[in-house]
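Coordinates in review
Now for the letters of each chain:
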Amino acid sequence: MFWCWCFRKIRYTDVTVTLSDAYARIVRRSFASLSESTTITLIEGDRIMRKSLFMSAVLGLASFGANAQNLLANNSFETPGPGVVLFQNWMQFGNVFADVGVEVTPQDGTTAAKMFGASTGSQSDQVLLQTVSGASIIPGELYTVTSHVLNPSIDAIGSENIILLQMSFKDANGDAIESPETPAIDIENDPFDTWIESSVSGIAPVGTTQITVALLHIQLGADAGFPVQEGGASFWDNISLVQGEAPCNNPADLNGDGAVNFFDVSLFIQLYNQGCD
């Protein structure tokens, strides 16, 4: 690749950063998400060694890449619930169990939720629910729910099962206004014994005061053309509901701000320049 150390100016405001032409595209993508009221002056050029010094000061000014807060409590099922409640903050229906690293290795922490149908010939629904309300739920804002689901080879999910991730926008009475959903795992094509990440997003409609996240393992019965069920279990872990897009799980997110951008490049350069003692 040809590296050009040319100088150009991009007017934004308040902060002056010295950058090489090679990083220009990354910088523009990064600062594009700043609000219109934020202005930064970027001077592209100079050497990499100097860039790292400039960017160490700028990292603290970048508010646009902040990690989105997970609005769900006990999102990895680590805390048991009281009485018949299996997991604190979650409501369960049907065959739902806690697996503490016995059958599968959890995606996060020490516990995963396990679901499987009754295999009785009629439809069997397994559900985990958590509802979020309050000031964090704002009509007109984008929300994203993300799940991690595993299909175990020792108890593979049969074709009569539907594994769904759902986010339901509800009004003050608890009535659903809109409920976007997506398959949490592709039974036919996703690999066994692998945590599969899935997400679904939606804009909260007018009147939304609460969001219910639903994890569903539905086993269809004879009335749906499955007189004999193949069975199988689904395992769930590390569920998130955030305002905005799904959180970033890329290891290249070196500074942990929830985005892969110029600031991760700068941090890499700083760490690289430190060498090994």
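Residues numbered from 1 in each chain as written. Predicted model: local features only at pLDDT ≥ 70, side-chain atom pairs only at ≥ 80, totals over all residues. Heavy atoms only, no water.

Topic: the overall build of the protein chain
The cut-off we apply is this: Helical segments are the DSSP runs of H or I of at least four residues, strand segments are the runs of E of at least two, and each set is numbered from the N terminus. Contacts are assigned to residue pairs with any non-hydrogen atoms lying within 4.5 Å of each other. Exposure was quantified through the Shrake-Rupley algorithm and a 1.4 Å probe, taking into account, for residues, occlusion by the shown protein chains and nothing else.
Tallying secondary structure elements over the protein chain gives three helices and 14 strands in all. Across the protein chain, every contact between residues at least 6 apart in sequence was considered, and the portion connecting residues at least 24 apart equals 74%. Taken as a whole, the protein chain presents about 14,100 Å² of accessible surface, with 54% of it coming from carbon and sulfur.

A short note on the pattern of salt bridges
When their charged atoms lie close together, side chains carrying opposite charge are able to pair. Note the threshold: The working definition used for a salt bridge is a side-chain nitrogen of Lys or Arg within 4 Å of a carboxyl oxygen of Asp or Glu. The rule is simple: take the accessible area with a 1.4 Å probe, protein chains only, and divide by the maximum for that residue type; under 20% is buried, over 50% is exposed, in between is partly exposed.
Scanning the entire structure with this criterion turns up one salt bridge. Across the salt bridge formed by K114 and E103, the nearest N and O atoms sit 2.7 Å from each other. Taken together, the residues K114 in strand 6 (residues 112–116) and E103 in the loop between strand 5 (96–99) and strand 6 connect sequence positions eleven residues apart. Owing to a relative accessible area of 38%, E103 belongs among the partly exposed residues under this scheme.

Points about the packing of aromatic side chains
Going by this rule: The aromatic pairing rule takes the rings of Phe, Tyr and Trp, using the six-membered ring of Trp, and pairs them if the centres are within 6.5 Å, calling planes under 30 degrees apart stacked, those over 60 edge-to-face and the rest tilted.
Using the criterion set out here, one finds four aromatic pairs in the structure. A ring pair is formed by F77 and W90, whose centres lie 5.2 Å apart and whose planes are at 45 degrees; its orientation type is tilted. You can see F77 sitting in the loop between helix 2 (48–58) and strand 4 (91–93) and its partner W90 sitting in the loop between helix 2 and strand 4, a full 13 residues away along the chain. We note that F77, like W90, is buried. Aromatic side chains F97 and F116 sit 5.4 Å apart centroid to centroid with 5 degrees between the ring planes, which places their arrangement in the stacked category. Remark: F116 occurs in strand 6 and F97 occurs in strand 5; sequence separation between them is 19 residues. Using a relative accessible area of 25% as the deciding quantity, one classes F116 as partly exposed. Aromatic ring contacts, followed pair by pair, group F77, F87 and W90 into a single cluster.

Quick word on the side chain of N161
Under the convention used in this document: Pairing of N or O atoms within 3.5 Å defines a polar contact, subject to two protein rules: one partner must be a possible hydrogen donor and the other a possible acceptor, and residues neighboring in sequence count only if both atoms are side-chain atoms.
Tracing the backbone through its elements, the reader meets N161 in strand 9 (residues 161–170). Side chain to side chain, N161 and H217 meet in a polar contact 2.9 Å long. When sequence neighbours within four positions are dropped, the list of residues in contact with N161 reads I187, H217, I218, Q219 and G231.

Some remarks on the environment of D175
Along the chain, the position of D175 falls in the loop between strand 9 and strand 10 (176–178). Judged by its relative accessible area of 44%, D175 is partly exposed. In the structure, D175 is positioned 33 residues away from T208 in sequence and 9.5 Å away in space, judged by C-alpha atoms. Apart from residues no more than four positions distant in its own chain, D175 is found in contact with F169 and K170.

Quick notes on the sheet that holds strand 12 (residues 196–203)
How we decide: Only when DSSP finds a minimum of two bridges between them are two strands counted as paired. Between N-to-C directions, angles cover 0 to 180 degrees, with each direction set by a line fitted to C-alpha atoms, over the stretch in contact for helices.
Read from one edge of the open sheet, five strands run 5-6-14-8-12, paired in antiparallel fashion. Every interior strand has two partners, whereas the edge strands, strand 5 and strand 12, have only one. Each strand axis lies, on average, 35 degrees off the axis of its neighbour in the sheet, ignoring direction. As paired strands, strand 6 and strand 14 (residues 233–243) are joined by four bridges and run antiparallel to one another. If you follow A113 over to strand 14, its bridge partner there is W236.

Topic: the nonpolar core
Threshold: As used in this record, nonpolar core signifies buried Ala, Val, Leu, Ile, Met, Phe, Trp, Tyr and Cys residues forming a set joined through side-chain atoms within 4.5 Å.
F77, L128, Y143, L215, W236, I239 and L241 are the most contacted members of the largest nonpolar core, which totals 31 residues. The element contributing the most residues to this core is strand 9, with four residues.

Some thoughts on helix 3 (residues 262–274)
Our working definition: Every helix has an expected span of 1.5 Å times one less than the residues it contains.
A rise of 1.5 Å per residue sets the reference length of helix 3, with its 13 residues, at 18 Å; its end C-alpha atoms lie 19 Å apart and thus fit the reference within 8%. For helix 3, the set of buried residues is F262, F263, D264, S266, L267, I269 and Q270. Of the residues trailing helix 3, G275 is marked for its positive phi of about 65 degrees.

Regarding a nonpolar patch on the surface
The line we're drawing: Grouping into patches uses exposed residues only, defined as over 30% relative accessible area, and leaves out salt-bridged ones; the cut-off is 9 Å for like charges and 5 Å for nonpolar side chains (Val, Leu, Ile, Met, Phe, Trp, Tyr).
On the surface, a nonpolar cluster with roughly 450 Å² of combined accessible area is contributed by L254, F268, L271 and Y272. Relative to the helices and strands, F268 is located in helix 3.

Concerning the confidence of the model for the protein chain
Under the convention used in this document: Note on scores: pLDDT gives the predictor's confidence for each residue, bounded by 0 and 100.
On average, residues of the protein chain score 79 in pLDDT, and 72% of them are at 70 or above. For residues 1–66, every residue scores under 50 in pLDDT, and the model assigns this stretch 120 contacts once sequence neighbours within four places are set aside.

Quick notes on the side chain of E160
The condition is simple: Charged residues are defined narrowly, with Lys and Arg counted positive, Asp and Glu counted negative, and His plus the chain ends left uncounted.
Relative to the helices and strands, E160 resides in the loop between strand 8 (142–150) and strand 9. The side chain of E160 is buried and forms no salt bridge, while K114, the nearest opposite charge, is found at 14 Å. With residues near it in sequence (within four places) discarded, E160 still touches I218, Q219, L220, F226, Q229, E230 and G231.

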